[in-house]
Amino acid sequence: MRWKNIGETTTEEGHKLYYSGLPDVHEQGEVVNKVLKKDILIVQGDWNAKVGSDSYKTWKGTCGKYSNLSTNERGQRLLEFGKYNNLLLANTLGCHKKSRITIWHSPNGEHHNQIDYIMVQQRFKASIHTAKTRRFPGADIGSDHDLVMMTLQVHLKKVTKQGPTWIKFDLDKLKNPQVAAIFEAQVGGRFAALSILDSNDQDIDTQVNMLNTAVT
């Protein structure tokens with residue numbers, strides 16, 4: 001996995017710097033494109049961006065329909081970034097009640113939005129457990145953001161071990177006299193030198209010389 005933490009900011013100028021740290025949608029990103037194909041890329045954090053259900057039809061495959069009501073400019077940038085890098089917003093896929101979708105709460109308690117997102121590569125969409133990918137309230141951390149968790153169940157490909165390879169000979173073909181003659185000529189020629197060892201007429205030195213001559 002590869003992680004990218006750029007920081008957090010609240011000003012408009014700061015947000016431009018924030019998004020400039022990400023790979024541009026028209027250029028090759030230094031972070032996303034360095035991730036190996038065998039790795040799982042997860043990009044997450046407080047994007048301060050609102051992605052709404054109004055973007056579902058236009059950005060289908062990048063976001064789900066369970067999010068805010070409308071999309072703001074920063075949400076549009078986030079969708080462009082996800083679309084270009086084949087990422088999807090995991091915590092917009094599950095159908096949960098509103099209290100499990102909204103993550104940020106205003107100090108006066110009047111406004112509740114979803115601005116924190118977890119993005120995963122689209123090819124791992126089937127591995128996302130949508131029922132357990134949501135907001136989990138109750139964490140006493142002194143923040144106006146709630147905890148967001150994702151459950152990812154990766155399905156690994158089963159590798160089958162190949163057994164030893166056996167060569168099966170078609171012995172029925174040797175019943176054909178022509179095939180048998182060709183086989184005997186080829187095999188007999190390779191082992192003709194061994195027939196010298198069966199001869200008792202020559203001494204050992206003569207047999208060794210004849211064997212070396214036949215092999216070489």
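If you're wondering where the values come from, they're calculated on a predicted model, not measured in any experiment.

Quick word on the overall build of the protein chain
A count of helices and strands for the protein chain gives 4 helices and 7 strands. Beginning at the N terminus, the succession of helices and strands in the protein chain can be written as α-β-α-β-β-β-β-β-β-α-α. Scored against the burial criterion, the 216 residues of the protein chain give a buried share of 31%. In the protein chain, the share of contacts with a sequence separation of at least 24, taken over all contacts with a separation of at least 6, comes to 66%.

Things to note about the layout of surface pockets
Looking at the second largest pocket, its volume works out to about 240 Å³. Along its surface, the second largest pocket is lined by 14 residues, and Val32, Asn33, Asn85, Asn86 and Gln121 are the ones closest to its centre. Split into classes, the residues belonging to the lining of the second largest pocket amount to 5 nonpolar, 6 polar and 3 charged.

A word on the packing of aromatic side chains
The relative placement of two aromatic rings is captured by the distance of their centres and the angle of their planes. All chains considered together, the criterion is met by 1 aromatic pair. Seen in terms of ring centroids, Trp47 and Phe81 are 6.5 Å apart; in terms of plane orientation they differ by 40 degrees. Their pairing is tilted. Taken together, the residues span a long stretch of sequence, with Trp47 in the loop between β1 (42–46) and α2 (73–84) and Phe81 in helix α2 at a distance of 34 residues. For Trp47, a relative accessible area of 3% puts it in the buried group. Its guanidinium or amino end placed over the ring of Phe136, Arg134 lies 4.1 Å from that ring's centre, counting from NZ or CZ.

Let's talk about the side chain of Asn113
Relative to the helices and strands, Asn113 resides in strand β4 (residues 112–113). Residue classification places Asn113 among the buried residues on the basis of a relative accessible area of 18%. Once you skip the residues sitting within four places of it in the chain, Asn113 turns out to touch Lys50, Asn68, Thr102, Ile103 and Trp104.

Let's talk about unusual backbone geometry
Although it is not a glycine, Asn48 sits at a positive phi angle of roughly 55 degrees. Mapped onto the elements, Asn48 comes out in the loop between β1 and α2. For Asn86, which is not glycine, the phi dihedral falls at a positive 60 degrees. Along the chain, Asn86 falls in the loop between α2 and β2 (87–89). Overall, the relative accessible area of 47% leaves Asn86 in the partly exposed class.

Reading the values: rules and limits
For every chain, the first residue of the written sequence is number 1, and numbering continues from 1 onward in sequence order. Restriction of local features to residues with pLDDT of at least 70 applies here, the model being predicted, together with a cutoff of 80 or more for giving and counting side-chain atom pairs; totals for whole chains, interfaces and linings are based on all residues. Neither water nor hydrogens contribute to the side-chain values; these are computed over all heavy atoms in the structure. The numbering of helices and of strands both runs from the N terminus, where a helix is a DSSP run of H or I of at least 4 residues and a strand a run of E of at least 2. Only protein chains enter the area calculation, which uses a 1.4 Å probe; residues under 20% of their type maximum are buried, those over 50% are exposed, and those in between are partly exposed. Residue contacts are defined here by distance: any two heavy atoms, one from each residue, within 4.5 Å place the two residues in contact. Lining residues are those with an atom within 4 Å of a point, where the points come from a 1 Å grid over the protein atoms alone and group into cavities, where a 1.4 Å probe fits but cannot get out, or pockets, open sets with protein on both sides within 12 Å along at least five of seven lines. Grid points are joined across faces, edges and corners, and a volume is the space filled by probe spheres set on the points. The nonpolar class holds Ala, Val, Leu, Ile, Met, Phe, Trp, Tyr, Cys and Pro. Asp, Glu, Lys and Arg form the charged class, and all remaining residues, Gly among them, are polar. The criterion for an aromatic pair is that two Phe, Tyr or Trp rings (for Trp, the six-membered ring) have centres within 6.5 Å, with stacked assigned to planes under 30 degrees apart, edge-to-face to planes over 60 apart and tilted to the rest. Counted as over-ring charges are cases with an Arg CZ or a Lys NZ within 6 Å of the ring centre that also lie within 35 degrees of the ring normal.

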